[in-house]
Amino acid sequence: MTDASETKAKAGAAIIPVTLFQQNCMLLWCEATRRAVVIDPGGDVPQIQAAIAQANVTVEKIWLTHGHIDHVGGAAELRDALKVPIEGPHPADKFLLDHVVESGANYGMTGVRNFAPDRWLDEGEQVHIGELTFDIFHCPGHSPGSVVFFSKEMRFAHVGDVLFNGSVGRTDLPGGSHATLIASITDKLLPLGDDVQFICGHGPGSTIGHERQTNPFLNGAM
Ligand SMILES: [Zn+2]
Ligand SMILES: [Zn+2]
């Protein structure tokens, strides 16, 4: 067995696009223990629960990359249903979690609730699911409290809405800053290594190397 296939076998994952924003809710699990985390349950909780049942894994945590409605709209409902803690985002996004109901009303999303996570996350902390460990990077700019989850062992990151395949996060929402966002990507994500694969909050994932070379926001084209 090669190193690559051993690494792949450590985790399994399913992407469940949710809400009218087609946000990439991710079900991620440790293959050794079948313990799982739901990352960014933005809504459509019955679909997320169906994916959990299909994967036949035990969800023990909910992780949030940031406080925008399309990422957190289903978090309180899923926490109640599964009786598991919510970890993340960074406390700088508290103002968003305090106004989930108002944000939802702007997009016709009913049944959402304001909430506080069970654990806020900050730069340098770690989170765990089964035998998997992820390092936390605080990457403000898209929202002030955006965090990135990085598995050094699997060379994999979940970057939320910080970085996209061919683009970067929008910065016109409250607390956004394009200069801060580019600094977060340049200082914290690019150094992770060109080989690192990532998934993001919307659309297809990519690798750090591909974005470093071709993303117009990062290679000087824009
Ligand atoms: Zn967002
Ligand atoms: Zn989003």
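The paragraphs below set out a description of the structure included in this document. (Residues numbered from 1 in each chain as written. Chains lettered and ligands numbered in written order. Predicted model: local features only at pLDDT ≥ 70, side-chain atom pairs only at ≥ 80, totals over all residues. Heavy atoms only, no water.)

**Regarding unusual backbone geometry**
Cis geometry is found at the peptide bond from Gly88 to Pro89, where omega equals 0°. With respect to the helices and strands, the residue Pro89 is situated in the loop between β5 (86–87) and α5 (94–97). At Arg155, a residue that is not glycine, the phi angle is positive and equals roughly 55°. Structurally, Arg155 is set in the loop between β8 (147–151) and β9 (156–158). Judged by relative accessible area, Arg155 falls into the partly exposed class, the value being 27%. (Helix = DSSP H or I, 4+ residues; strand = E, 2+ residues; numbered from the N terminus. Buried < 20%, exposed > 50% of the residue type's maximum accessible area, 1.4 Å probe, protein only.)

**Comments concerning the pattern of salt bridges**
As a working rule, side chains carrying opposite charge can pair if their charged atoms are close by. Tallied over the full model, the rule gives twelve salt bridges. Between Arg113 and Asp80 there is a salt bridge, and its shortest N-O distance comes to 2.9 Å. Of the two residues, Arg113 sits in the loop between α6 (100–106) and β6 (126–129) while Asp80 sits in helix α4 (residues 75–82), which places them 33 residues apart along the sequence. Assessed through its relative accessible area of 40%, Arg113 is described here as partly exposed. Taking the relative accessible area as the measure of exposure, Asp80 reaches 40% and is therefore partly exposed. Overlapping salt bridges, with partners in common, bring together Glu87, Arg119 and Glu125 in one network. (Salt bridge = Lys/Arg side-chain N within 4 Å of Asp/Glu carboxyl O.)

**Some points on the coordination of the zinc ion (ligand 1)**
The protein atoms that coordinate the zinc ion (ligand 1) are His66 (NE2), His68 (ND1), His142 (NE2) and Asp161 (OD), at distances spanning 2.1 to 2.4 Å. In this structure, the zinc ion (ligand 1) is coordinated by four donor atoms arranged in irregular fashion, with angles at the metal of 89 to 170°. A separation of 3.5 Å is found between the zinc ion (ligand 1) and the zinc ion (ligand 2), which share Asp161 as a coordinating residue. With His142 in the loop between β7 (132–138) and β8 and Asp161 in the loop between β9 and β10 (163–164), this residue pair connects regions lying 19 residues apart in the sequence. This pair shows no difference in class: His142 is buried, exactly as Asp161 is. (Donors = N, O, S within 2.8 Å, 3.2 Å for Na, K, Ca; no water. Tetrahedral: all angles 85-135°; square planar, octahedral: opposite > 155°, others 65-115°.)

**What to know about the coordination of the zinc ion (ligand 2)**
Around the zinc ion (ligand 2), the donor atoms from the protein are Asp70 (OD), His71 (NE2), Asp161 (OD) and His202 (NE2), and they sit 2.1 to 2.3 Å away. Here the donor residues for the zinc ion (ligand 2) map to a single chain with the spacing D-H-x89-D-x40-H.

**Focus: the packing of aromatic side chains**
Taken as a whole and assessed by the stated rule, the structure comprises four aromatic pairs. Each member of the aromatic cluster is reached from another via a ring pair, and the members are Trp63, Phe134 and Phe149. (Phe/Tyr/Trp six-rings, centres within 6.5 Å; stacked < 30°, edge-to-face > 60°.)

**Remarks on the sheet that holds β7**
In space, the six strands of this open sheet follow the order β6-β7-β8-β9-β12-β13, with mixed pairing throughout. Both outer strands of the open sheet, β6 and β13 (206–207), are each paired with one neighbouring strand and no more. (Pairing = 2+ DSSP bridges.)

**Overview of the environment of Ser146**
Tracing the chain through its elements places Ser146 in the loop between β7 and β8. Taking the relative accessible area as the measure of exposure, Ser146 reaches 1% and is therefore buried. Separated by 111 residues in sequence, Ser146 and Arg35 place their C-alpha atoms 25 Å apart. Residues in contact with Ser146, not counting those within four places in the same chain, are Thr65, His66, Asp93, Phe137, His138, Cys139, Pro140 and Val162. Side chain to side chain, Ser146 and Ser143 meet in a polar contact 2.8 Å long. (Contact = heavy atoms within 4.5 Å. Polar contact = N/O pair within 3.5 Å; in protein donor to acceptor, adjacent residues only side chain to side chain.)

**Remarks on the side chain of Lys61**
Tracing the sequence through the fold places Lys61 in strand β4 (residues 58–63). The side chain of Lys61 is buried and forms no salt bridge, while Glu87, the nearest opposite charge, is found at 4.2 Å. Within the local environment of Lys61, its side chain forms a polar contact with the backbone oxygen of His128, the two atoms lying 2.7 Å apart. Leave out the neighbours within four places in its chain, and Lys61 touches Ala36, Val37, Val38, Val84, Pro85, Glu87, His128 and Ile129. (Lys, Arg positive; Asp, Glu negative; His and termini not counted.)

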